[in-house]
Amino acid sequence: MGGDAGQGIDPAVLGHFCRQIKGAVDAGIELGVVLGGGNLFRGAALSEAGMDRVVGDRMGMLATIMNALALGDFLTREGIPNQIYTATGIPGIAPAYERDQAQAAMTQGKVLILSGGTGNPLFTTDTAACLRGIELRTDAVLKATNVDGIYSADPKQDPSATRFSRITFDQVLEQQLGVMDLTAMVLCRENHMPIVVFDVNAEGALVAISQGADIGTRVEN
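For clarity, every value in this text was computed on a predicted model and none was experimentally measured. (Residues numbered from 1 in each chain as written. Predicted model: local features only at pLDDT ≥ 70, side-chain atom pairs only at ≥ 80, totals over all residues. Heavy atoms only, no water.)

1. Some details on the side chain of Ser115
And step 1. Note on placement: Ser115 falls in strand β3 (residues 111–115).
And step 2. In contact with Ser115, not counting residues within four places along its chain, are Thr64, Ile65, Ala68, Ile84, Tyr85, Thr86 and Ala87. (Helix = DSSP H or I, 4+ residues; strand = E, 2+ residues; numbered from the N terminus. Contact = heavy atoms within 4.5 Å.)

2. Quick word on the sheet that holds strand β1 (residues 32–34)
And step 1. Strand order in the open sheet formed by 3 strands is β1-β3-β2, with parallel pairing between adjacent strands. Two strands close off the open sheet at either side, each with one partner strand: β1 and β2 (82–86). Geometrically, the sheet is characterised by an average inter-axis angle of 20° between neighbouring strands, direction not taken into account.
And step 2. In this fold helix α3 (residues 53–77) packs onto β1, β2 and β3, with an angle of close to 165° to the strand it touches most, β3. (Pairing = 2+ DSSP bridges. Axes fitted to C-alpha atoms, helices over the stretch in contact; angles between N-to-C directions.)

3. Considerations on the pairing of strand β9 (residues 217–220)
And step 1. Residues Thr217 and Val219 line the buried face of β9, whereas the alternating positions Arg218 and Glu220 sit on a face that is not buried.
And step 2. Examined bridge by bridge, strand β7 (residues 166–168) and β9 share 3 bridges and lie parallel to one another. Note on β9: the bridge partner recorded for Ile167 is Val219.
And step 3. Sheet topology places strand β8 (residues 195–199) next to β9; 3 bridges connect them, and they run antiparallel. Within β9, the residue paired with Val197 across the bridge is Thr217. (Buried < 20%, exposed > 50% of the residue type's maximum accessible area, 1.4 Å probe, protein only.)

4. A closer look at unusual backbone geometry
Most peptide bonds are trans, and most residues other than glycine sit at a negative phi.
And step 1. At Leu122, a position not held by glycine, the phi torsion is positive, near 75°.
And step 2. Using a relative accessible area of 52% as the deciding quantity, one classes Leu122 as exposed.
And step 3. Located in the positive-phi region is Arg137, a residue other than glycine, with phi close to 60°.
And step 4. In this fold, Arg137 is placed in the loop between α5 (125–135) and β4 (141–145).

5. Quick look at the sheet that holds β7
And step 1. Reading across the sheet, the 4 strands line up as β4-β8-β9-β7 and stay open at both edges, with mixed pairing between neighbours. Each of the sheet's edge strands pairs with one partner strand only, and the pair in question is β4 and β7. Between one strand axis and the next, the sheet turns by 20° as a mean value, whatever way the strands run.
And step 2. Two strands pair when backbone bridges link them, and β4 and β8 are joined in this way by 5 bridges, in the parallel orientation. By the bridge assignment, Leu142 is partnered in β8 with Val196.

6. Observations concerning the packing of helix α1 (residues 11–26) against α3
And step 1. At a closest axis distance of 10 Å, the pairing of α1 and α3 adopts a crossing angle of 60°. Comparing their axes, α3 and α1 come out oblique. Our pair here, α1 against α3, has a crossing hand that is right-handed. Side by side, α1 and α3 meet where Pro11, Leu14, Gly15, Phe17, Cys18 and Ile21 of the first sit next to Ala70, Leu71, Phe74 and Leu75 of the second.
And step 2. Partitioned by chemical class, the residues of the contact of α1 with α3 number 9 nonpolar, 1 polar and no charged. (Parallel < 35°, antiparallel > 145°, perpendicular 65-115°, else oblique. Left-handed = near helix turned anticlockwise from the far one by under 90°. Nonpolar A, V, L, I, M, F, W, Y, C, P; charged D, E, K, R; others polar.)

7. Describing the packing of aromatic side chains
And step 1. With the rule as written, the count across this model stands at 1 aromatic pair.
And step 2. Considering the side-chain rings of Tyr85 and Tyr97, the 6.3 Å spacing of their centres and the 90° angle between planes classify their relative orientation as edge-to-face. Of this pair, Tyr85 sits in strand β2 while Tyr97 sits in the loop between β2 and α4 (99–107), placing them 12 residues apart in sequence. Both residues of the pair, Tyr85 and Tyr97, belong to the buried class.
And step 3. The ring of Tyr97 has Arg132 sitting right over it, with the charged end atom 4.0 Å from the ring centre. (Phe/Tyr/Trp six-rings, centres within 6.5 Å; stacked < 30°, edge-to-face > 60°. Lys NZ or Arg CZ within 6 Å of the ring centre and 35° of its normal.)

Spelled out as structure tokens, the structure:
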């Protein structure tokens, strides 16, 4: 959400997300979006200064809700039906996530915006995304990043690094490729939930991936 600055909420980035999501909706894809909050709050520095980890994680979950409200507003103004949920619910702001209600909203054509992480500290947004994907029985969890897939090494530091088109969960874990945190990866592996890692800046990626295009890297059992 932070754009080149990496902080705050960049309207240009929101516009890009809306175009991506609109393309998917127009193509008949049912979609849920899980947002992080690093553009608004990162607890690492405060944790090093002595802040309680649980307090920092709670602040991070609130940051994801702020991002959700921003994205929901942009989607509404573009005429894209959407429903924001938070893990724990905030009266007057957004209802608590409830799986059956969320599934019903999705089948009605609404884009789900799922915020607040899992509602528990010590769990990452990656884990929240995988958990929601499994609960909602989606076809895959798509992770939008700033690179176009999973590489054998960091492509920004190693020009000889090669991109994987497909890779197994076990290979990712054995090679410690750092795609997602361990909890998220194991959760998807145990529930046979594929993950596709792709470049967030690629236009039309959501539709192309749903049509089987060789975009990014697919992780599966």
